[in-house]
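Single-letter residue listing:
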Amino acid sequence: MKKLLILMMALGFLASCDDFLAEEPRSEMSVDQFFSYPSHAYNAVNVLYRTGAPTFYSTGVYGGSRAMLGGYISGLFDNDYKGQEVHVQHSQNLTLNGDNLAGYFDGAWDACYLAISRANLAVANIAETPDLTDSEIKQLEAEARFFRAFNYYYLVKTFGDVPLILDAYNSLDNLYVERTPVAQVYNQIIDDLKYAVDQGGLDNLPMPANDFRVSKATAATLLADVYLNISGYPVQNNSYAEAATAARQVINSGNFSLIAHGATESESAYNVMRLSDVEDEYIYSIEYDASISENYWQPAICYPNSATAWGIFKYSITNNAYKPMPELLWIYDDEKDLRIQEKQFFHSSLTYMDGDEEVTKTFEISPYLWHNDEALFETGKNNKDMVVYRYAEVLLIAAEAIAQSEGVTSEAIGYLADVRARAYWQTDRSDIVAELTGLSVDEFVKEVWKERLRELSLEYRIWADVQRTHMFPVTNEANKGEVTFDNVVGHTTVWGKTLAEKHLLFPISENERQRNPNLTQNSGY
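Thresholds applied
- Residues numbered from 1 in each chain as written.
- Predicted model: local features only at pLDDT ≥ 70, side-chain atom pairs only at ≥ 80, totals over all residues.
- Heavy atoms only, no water.
- 1 Å grid on protein atoms, 1.4 Å probe; cavity = no way out; pocket = protein on both sides within 12 Å on 5 of 7 lines; lining within 4 Å.
- Points joined across faces, edges and corners; volume = space filled by probe spheres on them.
- Helix = DSSP H or I, 4+ residues; strand = E, 2+ residues; numbered from the N terminus.
- Axes fitted to C-alpha atoms, helices over the stretch in contact; angles between N-to-C directions.
- Parallel < 35°, antiparallel > 145°, perpendicular 65-115°, else oblique.
- Left-handed = near helix turned anticlockwise from the far one by under 90°.
- Contact = heavy atoms within 4.5 Å.
- Nonpolar A, V, L, I, M, F, W, Y, C, P; charged D, E, K, R; others polar.
- Patch = residues over 30% accessible without salt bridge, like charges linked within 9 Å, V, L, I, M, F, W, Y side chains within 5 Å.
- Areas by Shrake-Rupley, 256 points an atom, 1.4 Å probe, with all protein chains shown as cover.
- Salt bridge = Lys/Arg side-chain N within 4 Å of Asp/Glu carboxyl O.
- Buried < 20%, exposed > 50% of the residue type's maximum accessible area, 1.4 Å probe, protein only.
- pLDDT = per-residue confidence, 0-100.

Engineer: When you look at empty space enclosed by the protein in this model, what are you seeing that I'm missing?
Structural biologist: Where empty space is left can be seen by rolling a probe of water-molecule size over the atoms. One pass over the full model with this rule turns up five cavities of 30 Å³ or more. Considered as a void within the structure, the largest cavity measures approximately 420 Å³ in volume. Y57, A67, Y154, K157 and Y460 are the residues nearest the centre of the largest cavity, which is lined by 25 residues in total. Going through the elements one at a time, α3 (69-74), α6 (134-159), β6 (386-390) and α17 (462-469) are the ones with two or more residues in the lining of the largest cavity. In terms of residue count, the dominant contributor to the lining of the largest cavity is α6 (five residues).

Okay, structure coming up:
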């Protein structure tokens, strides 16, 4: 049975100020009125599941999702409709700035700060809500802090220094906040996540087993990811040991496992990911239900725009909005790696019946991980959740963090081997372990980076890894499966454009800078 989507109510908060409004509209509530019952506190947290950064994984048929922008700027992904989608064009051409993509970056900035504002309000008022138990207070505050951290994490990775606002607004004072240094923003993110992990009273469970609510493992995974990122650029604060500790909290719980392969390739772990929302590998999923809030066009971007003319889909438009470039596909060994085989992560053919005739269409390689038969051929509506963090990523974070802080131990090797062995399904795991044993720290870490590229290629981690490592993956058609790394600054993309230091952050919208005169622009824009 399909899980119950967390329901949300739109919040219309208005502070009561005698000198601002003489009479309070009956259709709206003041903050003091709103946090009067336990249901109010739950609603204040529930809305965070659908505000700000979580919405950036929702996919439009033309422009893709906001989470795809890094893939476009890397040059490793394309979009069939980039002729009309200017954010794709400017990203690939490296011509983006605060003017020509002002509206696009406004949307991200405003959505995140709306979520942060709501989280601030929740954190400030949950404990004062009558009739909540102590455990409910801790749980709800932990969830609110997680989403505050998640939104700040998106902002700081995207824009660098950003205003750090932690108080709920109840007046129009102090609206023009200056940018806060990246390291200070990260410190707040870590504080919020440590509260959720250590004091939040959350269960340490896969998200599907936790009623699709944020769990301790969700917060610990994000915390491990944050520690991994601040160990690299631009902060360069060696926190690998802390990343390993956070990742081990998830691993050592014993509540998580990699999805196992079935008897056939169509029942592989990767096809289970495509079909199932309820696996122990899932740590953070964004939940969808077509009757309430659906993941609209995700299946439709598994086909080129020419597929619309086939007349077989319930969707009126198809578009390969996150089309993998050959240079991306060459990261896979096409003999050993199951992920690159047809109808695993990707596909290039479809066979269907047209009356009594069997028809096979072939096309450029497209994502298959989001393919949904029911949505494509029956309903035109997509129920499938988007998985943001999986246990596989935790294992890879742990492998890299342990190697960097403790050396290439058997534990670190084992975590990397677990992920690789599932993909190299016809290779004995002991052979993989043997290949990894004896590598230097630098050699081993680069093996982890390669596996992150392969395992997380459709989970939007590529550009974040380039940002933190300052290294760009380079592949070669003649040597598929091998990856070398080039300094990102000065690297020429597949579009013939040369990446500069400034491209590691995106520009702040000039609209936002006009609204807030205290905002400075990122260097180079």
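Engineer: Just to check I follow, could you spell out the packing of helix α2 (residues 38-46) against α6 for this structure?
Structural biologist: Contact geometry for α2 and α6: axes closest at 9 Å, N-to-C directions at 20 degrees. It follows from the interaxial angle that α2 and α6 lie roughly parallel. Crossing handedness for the pair α2 and α6: left-handed. Across from A41, Y42 and V45 in α2, the residues of α6 making contact are E136, Q139, L140, E143 and A144. Considering only residue class, the contact of α2 with α6 consists of five nonpolar, one polar and two charged.

Engineer: Is there a simple way to think about a nonpolar patch on the surface in this case?
Structural biologist: A surface patch of nonpolar side chains, amounting to about 300 Å² of accessible area, comprises Y169, L175 and Y176. Relative to the helices and strands, Y169 resides in the loop between α6 and α7 (182-198). The exposure class assigned to Y169 is partly exposed, which follows from its relative accessible area of 34%.

Engineer: What should I look at first to understand the confidence of the model for the protein chain in this one?
Structural biologist: Summary statistics for the protein chain give a mean pLDDT of 93 and a share of 93% for residues scoring 70 or more. Confidence scores differ between elements of the protein chain, with helix α1 (residues 31-34) showing the lowest mean pLDDT of 68 and helix α13 (residues 391-406) the highest of 99.

Engineer: Teacher, can you tell me more about the packing of helix α8 (residues 216-231) against helix α9 (residues 240-251) here?
Structural biologist: In a packed pair of helices, the relevant descriptors are the angle between the two axes and the axis-to-axis distance. In the contact formed by α8 and α9, the axes pass within 8 Å of each other and the chain directions differ by 160 degrees. Between α8 and α9, the angle is such that the two are roughly antiparallel. The chirality of how α8 crosses α9 is left-handed. Where α8 abuts α9, its residues A217, A220, T221, L223, A224, Y227, L228 and S231 lie against Y240, E242, A243, A246, A247 and V250. Of the residues assigned to the contact of α8 with α9, the class counts are 11 nonpolar, two polar and one charged.

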